[in-house]
Structures are given as C-alpha cells and as structure tokens.
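Examining the three-dimensional arrangement
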Amino acid sequence: MSVSAYGTGSTPALSSASDVADTEPTAPRSSGVALLVVAACAATGVVVAAISFRLARESTSLNGARGLLWLSLALMFAPALARMLSRGPSREERAAILVVAGVAMYLLKVLYDPTRLGFPDELIHATNASRLIADGHLYAANSISPVSANFPGLSSLAAGIAHLFHLGVVPSALLVIGVARVVLTLALFLLFEQVARDARLAGVATLLFCANPNYLYWSSQFSYESLSFPLFVLALFCVLRRWDAPEANRALWTFAALPPIALITITHHVTGLALAAVLWVLVAVALRRGQRGAAPVALALVTTIVVGLWLAFVAPDTFGYLGDIFRRALSSVTDAFGAGGSTHKPFEGKGGDAAPLDDKLLAALSAVLAVVASAAGVRATRKSTWGSPMAPLLMLAAVASIVVYGARVFPDAWETANRASEYVYLGVALMAAVVAVRLADRRSWLLRALPLLAALLAVAGSSVSGWPASAQLPRPFGVDAFGTHVFPQGETAARWAAANEAVDTRYVSNDSTGRLLMVHGAVHVISSRHPGVPELLKESTLPAWQQDFLRRERVDRVVLDDRRYVNDNVIGYYFARPGQTITRYPPGVRRKFERLAGVSKVYDSGDTVVYDIRQWRTAKGAR
Amino acid sequence: MTTRSVRAAFLAAALGLGVACVTLGNGSSVTRDIGGGLLLAVTPVALVGAFASLITTQPGPIERALRGREEAARLGPIEQIALVLAGGLAFVALGAVVLDVIGVRLDTKAERSWMVVVGALSVTAYAWAARRGGEPVARPARGRLPFAAAAAVVLLGAALAIGISVTKPPRSAHGALSYSVLAMRPSGNSSVALHVQSFEPKVTTYMVKVLAGRRPLPVARITLRPGEEWRANVDLRSYGGVDQGVAVALYSPPDARSPYRTVNLKP
C-alpha cells in the first residue's frame, strides 16, 4: 500500500513508508462514483426494508417480508464489501463507504419502529431520559433496572438534544445512537488499520464486524452499551496510535483518549471495566517487550481510578448486579452438565416462537463461518509481522468466540455470551478479513466471489441468532383500524394508569407492561424480573410467601395479563401476529385475587386487568 | 473554508444563540417555539463552526504544550471526524454531570442550562482556534469525494423519509384487535368515576349496570364509535356511598346475559 492510501500523506503510526506492507501497487482512485453507487444501493435497501416491515405488520404470512429483509441487507452490505475488497478506493472513500453501510443498517432498526422506542432496554433508558427532562434528576430511580439510573451518560445526551432542539425523547435517542454508530464505524476502521497497517484489510474487517450477532438490533437500540462500545473502540485506537507515535507526540494521544474514557465511565459499567482490563494488559505487553515509553500506564491508571471511584461512590450496587449475572451464567453452565440441567433451545424466544428451519440453518451456518474464518485467520496471521500489541489480543478474542457461541446454548449464560459477542467479534472480524482479502486476491473468480457470498450468509445468519425469532420482523403496535388508532391493551392500560393513578403508586406487573407503565411515568414497578413475581402472576394459588411479598413491597396495584406471550419483554408490547396461537394462564390466577376481601378490580380490558390491593394489604399489614 | 469565514459563521451563530436564549427565557409558548426553532437552526452552525475553526487552523499553544504539534497537523479527516463526534458527545454528557454537581437544574424549565454547555463548548473551541491564529492548514485535494459523500447523505435521508412514510401504522385489523375498556375509581366518598372506551370495529351500544351495595342503579345505555370514550361521575349518596361496595358490569349486545367487562370496589 502506498502512503497516499492513508489520505493525508502520512500517519503517525507509520513513521516511514517502509512500515507499510506494499499491497497496493497503484494509486487509489476516488472519483466518488463508486461511493454513489454504494449509497444508492444502500438507500434502496433502506426502502426495501421499510416495505418488508410493512408487510410483516400487515400480512398473515411472513415469507415475503423475510425475503425482502434479506434482500435489503444484501443491498446494504454486498456492494460495500465488493468495493472494499477491491484495491481501488482511497482511504477516505473506504471510510465513507463504511459509514454509508453502517448508517443504512442502523436505519433498518429505526424503521423497525420509527415512532417509538420499543426494544426492551430502550424502554428502561427512555424512562431515565424522560425523568431527566421532566424532573431534572440526573440519577432518577429506575425500579426495573436500578443500575441503569447510576450511569447517566446516555440519558443526559438524549435529554440535552431534546432540550436544545425542542425534540421528543424518541428522535433525540435515535440521533444519539445514530452518531454513536458513525463513531463506531470510523473507530473500528481506525483501530483495525492501526493493527494491520492496511486500509483495505481494515475496511473489510469493519464491514465484517456487521456479521456480529448484535449489530443489527441489539447494538442499535437506545441502550448504554450502544454508546459506550464505540467509545471503547475509539479509546483503544487512541492508545494504539499513542503507542506508535514518536515519544514527543504521545501526550496528544493520551489527551485525545480522555474524553471517550470519561464518557464510558458515566455510561456503562462493563465497558469501563473491560477498558481498564485491556489497558493493563497493554501495559504488561509493553513492559514485557521493553517498550516502557509506549506503555499506557497513565491511561490505565486514570481509567481504573475514575471507573473505580464511579462504581464505589455513584453506582455501588453495580457489583451485586454484575455478580448476580455472572453467577447465574456460571451455574447455568455447570447445571447443564449435571442432573436436571437444561439448555436453551437455540433460535427460540421466551414467547416460544421457534425460528423457521431456513433461519436456523442460516444462523448455524453463520456461527460455523465465524469460527472457521477465525481459525483460518489466526493460522494465517500467527507469524505475521504485525507489531501491534493488540494483534495477539484480537487473535485471542477470535478464538474466544468459539466459547461465546457455545455459551449461547445455556439459558442464563445467554445474556453474558450475548454481551460478550461484540468484544470477541473485534477479533473475529479482523481474522475473517485476513482470509477474505487473501481469497479476493486469487485468480479464480470462484475463490474471489467466496468471501462476498460467505459474508452475506454470515450477516444474514447472525441477524437471526442475535435477536429472538419472534421479533426478527416488527409486529403491529399502533393500528389504524375502524377509523381510529388502536394501541395494544398493555399500552392502553399504561396510559390509563398514567392519567388516573398517583405517580408513587406501586405496581406488580409482567415485564413488558411494567416497562410501559414506567415509560408513562410510574415510578415504582416490580416486574417479573424480580424473584417471586413470575409465580405471583402465573400460579393459581396465593401462598403465604406471596402475600408476605405483596405486603413487604407495599404493592398497591397488581396488573395481570392472561396472554403468556405478553410476558416476553421483546414482543409483549405488540399485538399478536395474525394467526398466532395465544396460550393463556389459568383462570385461577385472576380468581386468587378476586376472592380476597378488600381487593377491587378497577380496570378491565378483557386480557388486561388491574387489581387495587391497597385495602387488602393494609388490612393484612395491620393484623 | 477560511479562518475568516469560520469566524463570521461562528459569530452569527453565537448571536443567534444569544437571541434564542433571551427568547426562550420569555415564558410565552409562542416565543419559546420561535426560540426553539432559532436554536435548532443556529446550534449546529455554532458547533460545526467552532470545531471547523479548530480543524482548519494551525495547531496552537495547547498542542505545543502537549508536544503533539506535528501529530495534530497530520490528523486525517477520518480521525478528526471520529474524535470530534466522540468529543462532542463526551463534553455534553460531562457538562450535564458538572451542572448537576453544582446544582443547576436540567429539567424542562432549564433550556438555558444546556445552552450554557453548548455555548461554553463553542466559545472554548473558538477561543482555542483564535489563539492559534495564522493561516488555514492546506489540505490535499480530495477530488469529487466530498460531493459524492454529500450526495450519499441526501440519498440516505431521502430513503429514510420514504421508509417512514411506508412504515406508517398498518390499517389491517384482522378482526383480532378489538376490545373495550371499563375502568372505575372512587371520586370522593360518595361517588365513583366510570370510564368506558371502545376499540370495537363498529359503532357499539353498551349497557352499563351499576350495583351499589345490593341496590341496582338505573341502567345506562351508551353508544360509542370506535375510539370514542364515555366518562361519568356516578353519585352514590342516596345509595349509601362507596363504602357499601360498588360493582359495575358492561354489557355489549347481543349478549345481554354475561357481562363483557366488570370492575368493582369492594367494601
């Protein structure tokens, strides 16, 4: 590659042209035509996705919608990858194409439900942002996810934009995550380029990162990790650039890494801890190599201190929260190998909707491709001349992807594995890119087409494995029917509660209706994530421990919904799909409350009812 | 963009920010909307102008103090954009934390708090750039790429607009979405507030039967169009008040035997 491929003529990482592998014999061309073609294809993909989503909301069969979704992904991804694999584009053109593809894929999530924040974590963070806008409290309590309230980075940005531009929470949130997506795309490109010293390889790796199972939906939602992960990547880039810079210029990169580190600290716990850990590993690598000046000791110290202080004084309950998640993950894996253990059925959501067979095959193929490409990439780069300290770490991450994919099978380990996906995919993407670029340089057209085909399959398959099958395509939320606008019963109940109940009313509810209650202003919601609540909402008996629970938690209202799928916090907010079989809880669940003296039924919409238990509870408490 | 044009753009934006600040401070909703609109227009100019002035001028004293002058001068547009976006996010969020620590309100009555953050960012960036002085940094020609990039933004924006218009709420009801709501809450000691809302597919006539203690009240017949609601305050003073217990049943003909919805207030 010529130095001009880096755009500005030189990069500090490459103190001389001899540092760069000579893989591009001709000067890169940037007429802009290719970028326009890629953008036109991506824009067409966005429109095709919108048509797919409309079909999914209205049709009884999802086959057409699913086909269009794959087509839209192909339109966004394939032309970009084809251009990225060629030697032609300049460094700036590669970055522009990557941003176009990344933003187009983010727009796919936006179009999933453009008028509201409807993904599970979005409702939690939208509540935090709404409270900040309404009350001005930066750390307003969040009863469903108390930990999230102690990390106001995301909510403060959404609130700031909402205030400054007089926008609602939804467009503000979409803007924040959209900007974060651009930062992620550029930061990935810069990081991979810094490791591999090859803009072409970095561009391909950045695009292949889209095959990470979380990329399409999970990492696009208005959630703290969607903001913190791009900053994590950018901070790592600054550290690597600092490492490679001349001694005299390192202070600038130390300085540049501080804003991302500060924002990560106030935004997301795991990302802060992960960054501190990686920085100390890099310090160890530098010391082992005898590169004392390159060791990011100051940044590792600063990160450890600010993250530690934040966790200790602002968010002390984080340790308990994370400990519980890791403990459950570990016991889930160990139990699975013991008597009575269970495994999670892959590609099946909590609502019980199984993915179609072709989706299952696609997802399995995607996982196999990621593992095979990682193995081949590690083998190919084992003895490479990459001098970057991140190279071995990324190889390790690629190997760890095998463990992460495996852990997805265990029910309580799924969440941990899912959250780890992005981090390990940094390695998978780079290793797979090495293989893809080598194949693309072969003479055989079949071998040259192979990376494109494999990458397409990987992206499509990972989108299946990264999100429940029942929610791959959107469901109807608001419906224009009978000359009016109809919301699902849970939303109507939440709106009724917001209009008629005191803000400090304490609710017990299933998880999805609970989140809707919170987003509409309820402060105290004990949802089915809380131990004991699932039994309370599903069983026909009200044993003493359940009564004690209601009294201890000073519950005022119990919200029941007969339909089992409503308890699923991914699809429970929506209308059932046409033709969907709706299984219900036994009628005894309602009767156990109705027969209690002092319990009144104050709201009834058929499937959703609200019981006022305050009178019963206070009488019970007085006894 | 020359240093002079950056400064001019920034000064215009700063003036707009000031006017918007004053307008928003006025309590009238109309002037607040005008202020909001003005802010929407000028804030991006202020921010972009401020950051552009950093990018397009020679490294200044702070970079020299950091001994990274050559490094800063060599930053390519990709690094600049990534760092500016991340820095912008970080400084606004950290600004919110600082405002909270010093006790400045961040709620709906405090647009100016946020403007302090944005304004301070703009002024700092501009002041920094002004200290640098000198001529703009010469940038290598980038061919038609900037135009293609701008066209790409327009294309994606148009696709988003078309996509949003396509994804408007579906009209198909599939016959499974209809329902009616019945709700009741005490309204003082001697009356209850009833609420019926229809999401049925056609105009529906309901019967509302109220039982206060064991005594029935006259049956109310109501007809609601889809989406329409009915609210009533039922006085129960002559029936012994709410303490006797109240049961309400909503019937939807033709099934007049079994209630369609029920609510109650137990004694």
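Since this is a predicted model, take the numbers as computed values, not measurements.

Within chain B one finds 7 helices and 8 strands. Per-residue burial over chain B gives 45% buried out of 267 residues. Carbon and sulfur atoms make up 62% of the accessible area of chain B, which totals about 13400 Å².

Let us look at the overall build of chain A. When helices and strands are tallied, chain A shows 22 helices and 7 strands. Relative to its 623 residues, chain A shows a buried fraction of 63%. A separation threshold of at least 6 residues defines the contact pool for chain A, and within that pool the share at least 24 residues apart is 73%. Summed over all atoms, the accessible surface of chain A reaches about 21300 Å², with 63% contributed by carbon and sulfur.

Once that is clear, we can look at the pattern of salt bridges. The full count for this structure, using the stated rule, is 28 salt bridges over all chains. Arg614 of chain A serves as the salt-bridge partner of Asp556 of chain A, at 3.5 Å between the closest nitrogen and oxygen. Of the two residues, Asp556 of chain A is situated in the loop between helix H20 (544-552) and strand S5 (557-561) and Arg614 of chain A in helix H22 (residues 614-622); the sequence distance between them amounts to 58 residues. The buried category is assigned to Asp556 of chain A, whose relative accessible area is 6%. Residue classification places Arg614 of chain A among the partly exposed positions, given a relative accessible area of 36%. With a shortest N-O distance of 2.6 Å, Arg237 of chain B and Asp235 of chain B are connected by a salt bridge. Taking relative accessible area as the criterion, Asp235 of chain B reaches 37% and is therefore assigned partly exposed. The network of salt bridges with shared partners includes Arg91, Glu193 and Arg241 of chain A together with Glu79 of chain B.

The subject of this paragraph is the interface of chain A and chain B. With 106 residues of chain A in contact, the opposing surface of chain B contributes 90 residues. Roughly 8200 Å² is buried in total at the junction of chain A and chain B, and carbon and sulfur atoms are behind 71% of that figure. Taken as a group, His163, Leu164 and Phe482 of chain A account for 9% of the area that chain A buries against chain B, more than any other trio of residues on that side. Across the contact surface, chain A and chain B share 2 salt bridges. Linking Arg91 of chain A and Glu79 of chain B is a salt bridge whose minimum nitrogen-to-oxygen distance equals 2.8 Å. Summed over the shared surface of chain A and chain B, the number is 17 residue pairs in polar contact (both at pLDDT 80 or more). Per-element tally for the side of chain A that touches chain B: the top contributor is helix H1 (residues 33-58) of chain A, with 14 residues. Of the residues belonging to the side of chain A that touches chain B, the class tally is 67 nonpolar, 26 polar and 13 charged. Sheet topology note: the strand S6 (residues 600-604) of chain A/strand S1 (residues 179-186) of chain B ladder contains 2 bridges and is antiparallel.

Looking along a regular strand, one sees the side chains alternate between the two faces of the sheet. All names here are of chain A. In terms of burial, S6 is a largely internal element, 5 of the 5 residues being buried. Pairing between S6 and strand S7 (residues 608-612): 4 bridges, direction antiparallel. Bridge pairing links Ser600 to Asp612 in S7. Taken together, S6 and the strand that follows it, S7, pair antiparallel across an intervening segment of 3 residues, in which Gly606 is found at a positive phi of about 105°.

Here the focus is the state of the cysteines. All names here are of chain A. Applying the stated rule across the entire model yields 0 disulfides over all chains. You can see Cys210 has no disulfide; the closest cysteine sulfur is in Cys41, sitting 16 Å from it. The exposure class of Cys210 is buried, given its relative accessible area of 5%.

Here we come to the confidence of the model for chain A. Within chain A, residue pLDDT values average 87, and 90% of them lie at 70 or more. Low pLDDT, under 50, characterises residues 1-25 of chain A; the predicted model gives this stretch 60 contacts beyond four residues in sequence or across chains.

Because each turn of an α-helix spans 3.6 residues, side chains separated by three or four positions end up pointing in the same direction. Residue and element names in this part refer to chain A. Compared with an ideal rise of 1.5 Å per residue, which puts 28 residues at 40 Å, helix H6 (residues 169-196) spans 40 Å between its outermost C-alpha atoms and is within 8% of the ideal. With 24 of 28 residues buried, H6 is to be regarded as a mostly interior element. Backbone geometry just downstream of H6 places Arg197 in the positive-phi region, at approximately 60°.

Thresholds applied
- Residues numbered from 1 in each chain as written.
- Chains lettered and ligands numbered in written order.
- Predicted model: local features only at pLDDT ≥ 70, side-chain atom pairs only at ≥ 80, totals over all residues.
- Heavy atoms only, no water.
- Helix = DSSP H or I, 4+ residues; strand = E, 2+ residues; numbered from the N terminus.
- Buried < 20%, exposed > 50% of the residue type's maximum accessible area, 1.4 Å probe, protein only.
- Areas by Shrake-Rupley, 256 points an atom, 1.4 Å probe, with all protein chains shown as cover.
- Contact = heavy atoms within 4.5 Å.
- Salt bridge = Lys/Arg side-chain N within 4 Å of Asp/Glu carboxyl O.
- Buried area = accessible area lost by both parts, 1.4 Å probe.
- Polar contact = N/O pair within 3.5 Å; in protein donor to acceptor, adjacent residues only side chain to side chain.
- Nonpolar A, V, L, I, M, F, W, Y, C, P; charged D, E, K, R; others polar.
- Pairing = 2+ DSSP bridges.
- Disulfide = S-S within 2.5 Å.
- pLDDT = per-residue confidence, 0-100.
- Expected span 1.5 Å × (residues − 1).

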